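Below are the chains, spelled out letter by letter.
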Amino acid sequence: MNSQDPKFSFLPASSHPKGLQARVLLTSVFGPYARDDEFGSRAINPMELYHNQVTRAQGVFSLRMFHRSWGIMLIRENISAPCTLLDFPSRDLFEQELRSGNYDIVGISSIIVNVGKVEEMCRMVRRLAPAATIVVGGHVAAIPDLGQRIDADHIVQGDGVSWMRQFLGEDPHAPIRHPAIISGFGLRVMGINANQSEGGTAATIIPSAGCPLGCNFCTTSAFFGGKGKFLNFIETGAQLFEVMEDVARRLKVNSFFVMDENFLLHRRRAMDLLQLMQQHNKSWSLYVFSSANAIRKYTMEELVSLGISWIWMGLESPHASYAKLQGTDTRELVRNLRAHGIRVLGSTIIGLEHHTEDNLASEIDYAASHDTDFHQFMLYTPIPGTPLHAELKQAGKLLPNTNLADIHGQFKFNFRHPSLTRDRSKTWLDAAFLRDFQRNGPSIYRICRTTFAGWKRYRNDAEARIRQRFEQEARNIRLVYPALLWAMERRLRRSNRRVALRVRALRRSMTREFGLVARLGALLGPVLLWTARREEHRLARGWTYEPKPIIERS
């Protein structure tokens, strides 16, 4: 450990002596991930957002994919010093890079559960590159005693771009250059690798960080200033349009995953973007996060014209007191969105203060009754750095000796709930995922259903730009989805006949609309049925998926 503890800071007090000549290594934590190990990885918490938190009970129908470490990509794009980026390195690759790179600065980004790997990586840097300055950032910096846990020189809270710029002697307030980021990679479903062609995957756009609504359990809101505060990288609709046009050109994409905690809350920026999309005839699709109350600020015509194709929306509970839900009939809202071809990912918290053994079944049924295209369930979890954590710590309700690697909302409580035990929290969480799957079927079926509904509604729209967008989104369901649905129907006949009949009805409706193309696509159904069975056997034997290491140098 250093003789002095590292400084937690939003900006460094001084610059690195080498300035822009310093050689920089930016890295995520090392793998493998989807297994239990001595560094804190957990098999229950894989490096797969959808399979981990959304579709994990859906077996072979679960969406399997990975997402890049966008924060360090943003930092790398906005510094002028020579920089190497490691994403998902193995421990051996990280060691090899330290031995050969002669780095002056090693920046490690992590979330809280991977603090054990951060600790080990800091030890490796001290041993293999002792002259290097170690900078640690990301949500792991929210741990109050992190300086005593790891051997680092600096711990960065908040905006890593401004911090690293100032540390290198650059202007921390200079305009942000946005990297070209593909939102996901390694897509796999029903046992096949769905390798996307160029332009077939959405790009990621990051207009801001943090959320002004500031729910008490939200780590992102707390990390970037808390309730009422957020950090804007892109202020105006014109700036956003410029970034999107540039990224669309570089990646040849027509769709964007907008990584903004409440994109539609900023109505002026959104409407200015819409005006420019109309002026330049852009048929873009936008996948966004938004609160229910923010969505209500728009008409359906505005949402469709803006290209909103997918919304991640917090549902929590009909009895929750969160402002983002007040006065909104969320089930009616979801039905209306889906009727207009807008897919919805609902998010529900299990274990709120009012939840009991007597009312949780009905709360889960209520969540499932939304019939969203996806549904995320998370345990109510006090995570270090959040107001909820501070409140429960002061009240003496945090459970002692809970490993930080297990505080991620997909395992068990780390606090004393007034009505539910720690073990029962996991039972109820698992039941929620299973109930949604049994009632509503696989998410890939629901995606197809909503996309098809949107295409039927808007295929003859008066505005060519809108017709073109829905035609783009319908391309896959014409050929690929008939085969997926054929195999899905047969997989579900015994386990869930009611959903299997709904799948069949959708497939037949699509066949009537698309004719020969859909019939030809369905011929691949037996192949997918076989790959799904093979996948099921692999998973039963403990098969896991890991992202491949990525190295980028400037």
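Scroll up a little and you will see the structure.
Draft legend 1. Main features of helix α15 (residues 422–440). Taking 1.5 Å per residue, 19 residues should reach 27 Å; α15 reaches 28 Å between its end C-alpha atoms and fits that length. Along α15, the positions that sit buried rather than exposed are S425, W428, L429, A432, F433, D436, F437 and N440. G441 occupies a position one or two residues after α15 and carries a positive phi of about 85°.

Draft legend 2. Summary view of the environment of A405. Positionally, A405 belongs in the loop between α14 (387–394) and α15. Judged by its relative accessible area of 2%, A405 is buried. Separated by 142 residues in the primary sequence, A405 and P547 place their C-alpha atoms 20 Å from one another.

Draft legend 3. Structural view of the sheet that holds strand β11 (residues 203–205). With mixed pairing, the seven strands of this open sheet are ordered in space as β8-β11-β14-β15-β16-β17-β18. Both outer strands of the open sheet, β8 (181–182) and β18 (374–379), are each paired with one neighbouring strand and no more. Judged from the two bridges that link them, β8 and β11 form a sheet pairing that is antiparallel. In the strand pairing of β11, I182 is matched with A203. Sheet contacts for helix α8 (residues 237–251): β8, β11, β14 (255–258) and β15 (285–289); angle to β11, the most-contacted strand, approximately 160°.

Draft legend 4. Highlighting a nonpolar patch on the surface. On the surface, a nonpolar cluster with roughly 560 Å² of combined accessible area is contributed by L479, V480, L516, V517, L520 and L523. For the nonpolar patch, the secondary-structure elements that each account for two or more residues are α17 (464–492) and α19 (516–522). Ranked by residues supplied to the nonpolar patch, first place goes to α19 with three residues. Of note, V517 is situated in helix α19. For V517, a relative accessible area of 40% puts it in the partly exposed group.

Draft legend 5. Seen up close, the side chain of Q53. As for its placement among the helices and strands, Q53 is situated in helix α1 (residues 49–53). Setting aside chain neighbours within four positions, we find Q53 in contact with H375, Q376, F377, M378, Q410 and F433.

Draft legend 6. Just the environment of K393, in detail. Along the chain, K393 falls in helix α14. Along the sequence, K393 and A361 sit 32 residues apart, while their C-alpha atoms lie 29 Å from each other.

Draft legend 7. Inspection of the packing of aromatic side chains at higher detail. Per the stated rule, a full pass over the model turns up 26 aromatic pairs. Measuring from ring centre to ring centre gives 5.8 Å for F257 and W310, while their planes differ by 50°; the resulting arrangement is tilted. Placement of the pair is F257 in strand β14 and W310 in strand β16 (residues 308–314), with a sequence separation of 53 residues. Comparing F257 with W310 shows no difference in burial state: the two are buried. Linked through ring pairs, W70, F257, Y287, F289, W310 and W312 together constitute an aromatic cluster.

Draft legend 8. Examining the state of the cysteines more closely. In the structure shown here, the tally under the stated rule is zero disulfides. Summary of cysteine pairing: C122 is not part of a disulfide, and the nearest cysteine sulfur, belonging to C83, is at 17 Å. You can see C211 has no disulfide; the closest cysteine sulfur is in C218, sitting 6.2 Å from it. When its relative accessible area of 9% is taken as the criterion, C211 is described as buried.

Draft legend 9. Here's a closer look at unusual backbone geometry. Going from G31 to P32, the amide bond is cis rather than trans, its omega being 5°. By the secondary structure assignment, P32 is in the loop between β2 (24–28) and α1. Here the phi dihedral of N281 falls at roughly 55°; this positive angle occurs in a residue that is not glycine. Looking at the element boundaries, N281 is found in the loop between α9 (267–279) and β15.

Draft legend 10. Focus on helix α4 (residues 115–128). Compared with an ideal rise of 1.5 Å per residue, which puts 14 residues at 20 Å, α4 spans 20 Å between its outermost C-alpha atoms and is within 8% of the ideal. Buried within α4 are the following residues: V115, K117, V118, E120, M121, C122, M124, V125 and L128. Check the buried side of α4 and you find it contacts β2, α3 (91–101), β5 (105–109), β6 (133–137) and α5 (146–149).

Parameters and conventions
Residue positions are counted from 1 within each chain, in the order its sequence is given. Predicted model: local features are reported for residues with pLDDT of at least 70 only, side-chain atom pairs are reported and counted for 80 or more only, and whole-chain, interface and lining totals are derived from all residues. Computation of side-chain values: all heavy atoms of the structure, hydrogens and water removed. The helix count covers DSSP runs of H or I at least four residues long, the strand count covers runs of E at least two residues long, and both are numbered beginning at the N terminus. The span one expects for a helix is its residue count, reduced by one, times 1.5 Å. Relative accessible area decides the class of each residue, using a 1.4 Å probe on protein chains only: under 20% of the type maximum gives buried, over 50% gives exposed, and in between gives partly exposed. Strands are treated as partners if at least two bridges between them are detected by DSSP. In this description, contact between two residues means that some pair of their heavy atoms is separated by no more than 4.5 Å. Convention adopted: a line fitted to C-alpha atoms gives each axis, helices being fitted over their contacting stretch, and angles between N-to-C directions are expressed from 0 to 180 degrees. A patch consists of residues whose relative accessible area exceeds 30% and which take part in no salt bridge; residues with like charges are grouped when within 9 Å of each other, and nonpolar side chains (Val, Leu, Ile, Met, Phe, Trp, Tyr) when within 5 Å. In short, Shrake-Rupley with a 1.4 Å probe defines the accessible areas, and a residue's cover is counted only from the protein chains shown. Here a salt bridge means any side-chain nitrogen of Lys or Arg lying within 4 Å of a carboxyl oxygen belonging to Asp or Glu. In this scheme Phe, Tyr and Trp rings, the latter by its six-membered ring, pair at centre separations within 6.5 Å, and the angle between planes marks the pair as stacked below 30 degrees, edge-to-face above 60, and tilted otherwise. The disulfide definition used here is simple: a pair of cysteine sulfur atoms within 2.5 Å.

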